[in-house]
Amino acid sequence: MTTATRSEGQETRVAKVAPRLFDGYSPHPTAFDELFEPDGSPHDHCRTLVEKLGRLAISEFHTRRAGADLAFVNQGITFTVYSDRRGTEKIFPFDIVPRVVPGGEWPRMETGLVQRLKALNLFLNDIYHDQRIIKEGIVPADLALGSKGFRKEMVGFTPPGGVYIHICGTDLIRDQHGEFLVLEDNGRTPSGVSYVLENRAIMKKVFPHLFQDCKVKRVEDYPHRLRDALRSVAPAGAASPPTVVLLSPGPYNSAYFEHSFLARHMGVELVIGQDLFVHDDVVYLKTTRGPQKVDVIYRRLDDDFLDPKAFREDSLLGVPGVFGAYRAGNVTLANAVGTGVADDKAVYPYVEDMIRFYLSEEPILRNVPTYICAKPDDMKYTLDHLGELVVKAVNESGGYGMLMGPSSTQTQRNEFRAKILENPRNYIAQPVVTLSTSPTWTDEGVAPRHVDLRPYIVTGRTTWVLPGGLTRTALVKGSLVVNSSQGGGSKDTWVIENGS
Amino acid sequence: MISRVAEHCFWMARYLERAENTARVLEVNQTLLLDFHVPVEQQWKPVLIISGIHDYEGDTGGESVQGYMTWDEENPFSIVSSLAWARENARIIREVISAEMWERMNYYHLWLNSPAVRELYHNNRGEFYAQIRRINQLLTGICDSTMAHGEAWEFLRLGRHLERACQTARTLDVKYHILLPKLDDVGTAVDNAHWIAILMSCSGYEPFHKKPMADPSDPGSAVAEFLIFDDDFPRSIHHCLTECRRCLADIAGTPNGEAHTPADRKISELVHWLDARDIKDVISFGLHQTLTHVVDSTHTIGEAIQSTYFAPEIRLPESPAKKLTQTQSQTQ
């Protein structure tokens, strides 16, 4: 029988070969594909990856995929959904086909991100001191000073080392032409970096050989880079080395896993509000050997909840008096208080001008064109084109408070029209950018799904960018919403050296 | 270390130890019943008494009590409750315990919530209890071999040994609660079965029998002596308390035996109290009375540890400004 089949020739044998991973993959008709050219051949920098990964039979791919999922579950790399008494722990969906950033493009992106961050820090310093950028008419006073993120308590105060945004997560998207654009800056308490590190660790277990074949830039240095950056901006009179703690809202916070992960890898204590107290404007940690002075607090708590004496009185999560200690120069808070004014979505359109104003440079990374509803002309345009635009509430994140024009219903558009008219300051609009796609495992096999990229930028005395970042992927066909709270997943991001 | 974190370490270890002990007691009780005829009302009630449950109103049949002590989430002493609390404590301090410990803990958490475990419980009860015992044994091993032997580790050890001392005392005390049908039954097969069960519930059957017995006609007093005083046996009350004292001395950074903190003083008091007695004193004072004193004292020790380390009164550090004024006034 076997002989007979063979004698019938090549075709039968080919048909017997198990289906391979990228067999029949067809890139998105209009979006830029992260792995493939429109003709279906891989980009030069992805050749090795596509070739090696493409040799996998689907069944083998399934085995690896199950292995990765199991690793997440067993390690408890989860977020908690509190729908019942004990809370249900879920894993973020993880796709094991990596997303690639070309090594040749990365240095330019890195420089662009550093440039942007520098301008944002200068902007914050300016806003809380001389407000030159307002006086010179570049950023409207009511937009900046009227931002929810603006903290009058910060006026006239300079944080240690002059750094406001120590950790920034800047969301980038890639348009149809393959150009990276900045979608938003997250300069308050950006999250997600633990997934970058865990995704990588798990990928190394699942595909050890791929890493040997492709030259992928390391991400594992992040926790130490962050710790060193935070130590470098400790206040005068700090211990040597300075005592750094990570302040979490607590074990019931959905990002607690990340807080715990970072504390472990940074080698710092993970604390909650009740572990700290302030005495004579000095922050102390309650230890088994008595109070211990704290120099730097990497806080994963919003400004509002940080200090019931200074901000929201009903906050039980914060540390009473910590803001006073900060203003007295006895402790560094990272990020600084009041950075929200810089990542306000209504201030975002001015970041390119900030770069020109403070640095006298042209922005390397461009913004997505944005209509600011606070401006009458922009508002009119927005209201006239609701069906084509993405409308965003300026102080929301996680994909909430958003209208996706092209897929919206008349009722939703009417609702947003009313909201915009009622409070124009609260809204911006952008044309729909067709996000790039990356091959992703779906129920129908490997198919294109839209992705974005969040690189992490760490600033102490110097600035460092984590190579790559967090790639979030929409798992629903055609969806442009990648947020984890809206059913998105993530991928490992590979900055691959060219020619490998 | 952070006081709150120390507390989580301490309780994580206690809950793990408690789950192991409960599994052992249930397992022994189940196998023991195969060999001896014990009156129905005495078969499973002791298991509840060991856990300090005196108000159980359910069916005292084997399946019902085992279900209650294994699966009932409302019962704070059930195996699932103990393990859930152990895991919750571990989750909160997962950056403190070693990654390997956390992964194992989490693995068992998932296992305990899987259909496979229910099948095992129904098809092979003995193996199920053995698996539960193994959780703490394995985690203790991983803990000792992968975690720095610093303060966090000491608090884990402290919790484990304090809980163990308490459990041994409660297990031994169960003899007080089981009334033998007739006085004539003393020294009979049923009486012996009880003593064997108690030894096995403390994992002490083999070590006990490897020791020469002073008076073979009185197994009761020999077992009690072994479980209270034998310093070579890792679950004897004296051994566990001595370990607690050593942990506390290491935590305080003081040479063993010097009591500096309320916790040190309380543990030393109990160790000295036991040191001043032998088994004859215990019998004449009353075994139940002795064990009650031990159990009550472990509660007091727990409270002293709490006030010394977990929720200490904060002695405020002097501010630099005040120091300056003081120095100045002294020089003037």
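One numbering rule holds for all chains: residues counted from 1, following each sequence as written. By the order in which they are written, chains take letters starting at A while ligands take numbers starting at 1. Predicted model: local features are reported for residues with pLDDT of at least 70 only, side-chain atom pairs are reported and counted for 80 or more only, and whole-chain, interface and lining totals are derived from all residues.

- If you look chain B up in an unreviewed UniProt entry, it shows as Alpha-E domain-containing protein from Limnoglobus roseus.

- Taking an unreviewed UniProt entry as the reference, chain A is identified by name as Circularly permuted type 2 ATP-grasp protein belonging to Limnoglobus roseus.

**Here we look at the overall build of chain A**
Okay, step 1: When helices and strands are tallied, chain A shows 16 helices and 23 strands.
Okay, step 2: Here the C-beta atoms are placed from the backbone, and a residue counts as buried if at least 20 other C-beta atoms lie within 10 Å of its own, exposed if 12 or fewer do, and partly exposed otherwise. The burial tally for chain A puts 45% of its 500 residues in the buried class.
Okay, step 3: Our contact criterion uses C-beta atoms placed from the backbone: two residues qualify when those atoms are within 7 Å. A fraction of 70% describes how many contacts in chain A between residues 6 or more apart in sequence connect residues 24 or more apart. Each helix is a run of H or I in the DSSP string that is no shorter than four residues. Each strand is a run of E no shorter than two, and both are numbered from the N terminus.

**A few points about the confidence of the model for chain B**
Residues and elements named next belong to chain B.
Okay, step 1: Per-residue confidence for chain B gives a mean pLDDT of 87, with 88% of residues at or over 70.
Okay, step 2: Think of pLDDT as the predictor's per-residue confidence, scored from 0 to 100. Across chain B, the secondary-structure element scoring lowest on mean pLDDT is helix α17 (residues 320-331), at 41, and the one scoring highest is helix α8 (residues 125-146), at 96.
Okay, step 3: In this model residues 320-332 is a low-confidence stretch, pLDDT under 50, and it forms 2 contacts with partners more than four residues away in sequence or in other chains.
Okay, step 4: Interface confidence for the predicted complex, expressed as ipTM, amounts to 0.85; the pTM equals 0.89.

**Section: the packing of helix α4 (residues 58-74) of chain A against helix α8 (residues 193-206) of chain A**
Any two packed helices are characterised by the angle at which their axes cross and by the distance between the axes.
All names here are of chain A.
Okay, step 1: For the pair α4 and α8, the least separation of the axes is 10 Å and the interaxial angle reads 140°. Relative to α8, the element α4 is oriented oblique. Along this stretch, α4 crosses α8, giving a crossing that reads as right-handed. Judged by residue contacts, Arg64, Gly67, Ala68, Ala71 and Phe72 of α4 engage Ile202, Lys205 and Val206 from α8. As a rule, the C-alpha atoms of each element are fitted with a line to give its axis, helices using only the stretch in contact, and angles between N-to-C directions run from 0 to 180 degrees. Geometric relationships in this document are graded by angle, where less than 35 degrees denotes roughly parallel, more than 145 denotes roughly antiparallel, 65 to 115 denotes roughly perpendicular, and other angles denote oblique. Here a crossing is taken to be left-handed if its near helix is turned anticlockwise relative to the far helix by less than a right angle, and right-handed if that turn runs clockwise.

**Points about the sheet that holds strand β16 (residues 402-404) of chain A**
Residue and element names in this part refer to chain A.
Okay, step 1: Taking strand neighbours across the sheet as the criterion, the 4 strands line up as β14-β17-β15-β16 in an open arrangement whose pairing is antiparallel. One side of each edge strand has no neighbouring strand; the edge strands of this open sheet are β14 (371-372) and β16.
Okay, step 2: Bridge count between strand β15 (residues 389-393) and strand β17 (residues 427-431): 5 bridges; the pairing is antiparallel. Each residue of the ladder has a partner; that of Val390, found in β17, is Gln430. When DSSP finds at least two bridges between two strands, those strands are taken to pair.

**Some words on the interface of chain B and chain A**
Okay, step 1: Residue-level contacts link 23 residues of chain B with 23 residues of chain A.
Okay, step 2: Of all elements in the fold, only α1 (3-35), α5 (79-92) and α6 (99-112) of chain B reach the threshold of two or more residues within the side of chain B that touches chain A.
Okay, step 3: Gly is put with the polar residues, along with every residue not named as nonpolar or charged; the nonpolar set is Ala, Val, Leu, Ile, Met, Phe, Trp, Tyr, Cys and Pro, and the charged set is Asp, Glu, Lys and Arg. Among the residues making up the side of chain B that touches chain A, the classes are represented as 13 nonpolar, 3 polar and 7 charged.

**Let's talk about the environment of Ala238 of chain A**
Okay, step 1: Positionally, Ala238 of chain A belongs in the loop between α10 (222-232) and β6 (244-248).
Okay, step 2: Taking the C-alpha atoms as reference, Ala238 of chain A lies 5.7 Å from Asp295 of chain A; in sequence the two are 57 residues apart.

**What about the pairing of β15 of chain A?**
Residue and element names in this part refer to chain A.
Okay, step 1: Across the 5 residues of β15, 4 count as buried, placing the element largely inside the fold.
Okay, step 2: Here β15 runs beside β16; their pairing, made up of 3 bridges, is antiparallel. Paired with Val390 across the bridge in β16 is Met404.

**Section: unusual backbone geometry**
Residues and elements named next belong to chain A.
Okay, step 1: The omega torsion of the bond from Ser240 to Pro241 falls at -5°, within 30 degrees of zero and hence cis.
Okay, step 2: Checked against the element boundaries, Pro241 lands in the loop between α10 and β6.
Okay, step 3: Residue Asn335 is reached from Ala334 by a cis peptide bond, and omega for that bond is -5°.
Okay, step 4: With respect to the helices, strands and loops of the structure, Asn335 is situated in the loop between β12 (332-334) and α14 (351-359).
Okay, step 5: The phi dihedral of Gln131 is positive, around 55°, even though this residue is not glycine.
Okay, step 6: Inspection of the secondary structure puts Gln131 in the loop between α5 (106-127) and α6 (132-135).
Okay, step 7: The exposure class of Gln131 is partly exposed, given the 15 C-beta atoms found within 10 Å.

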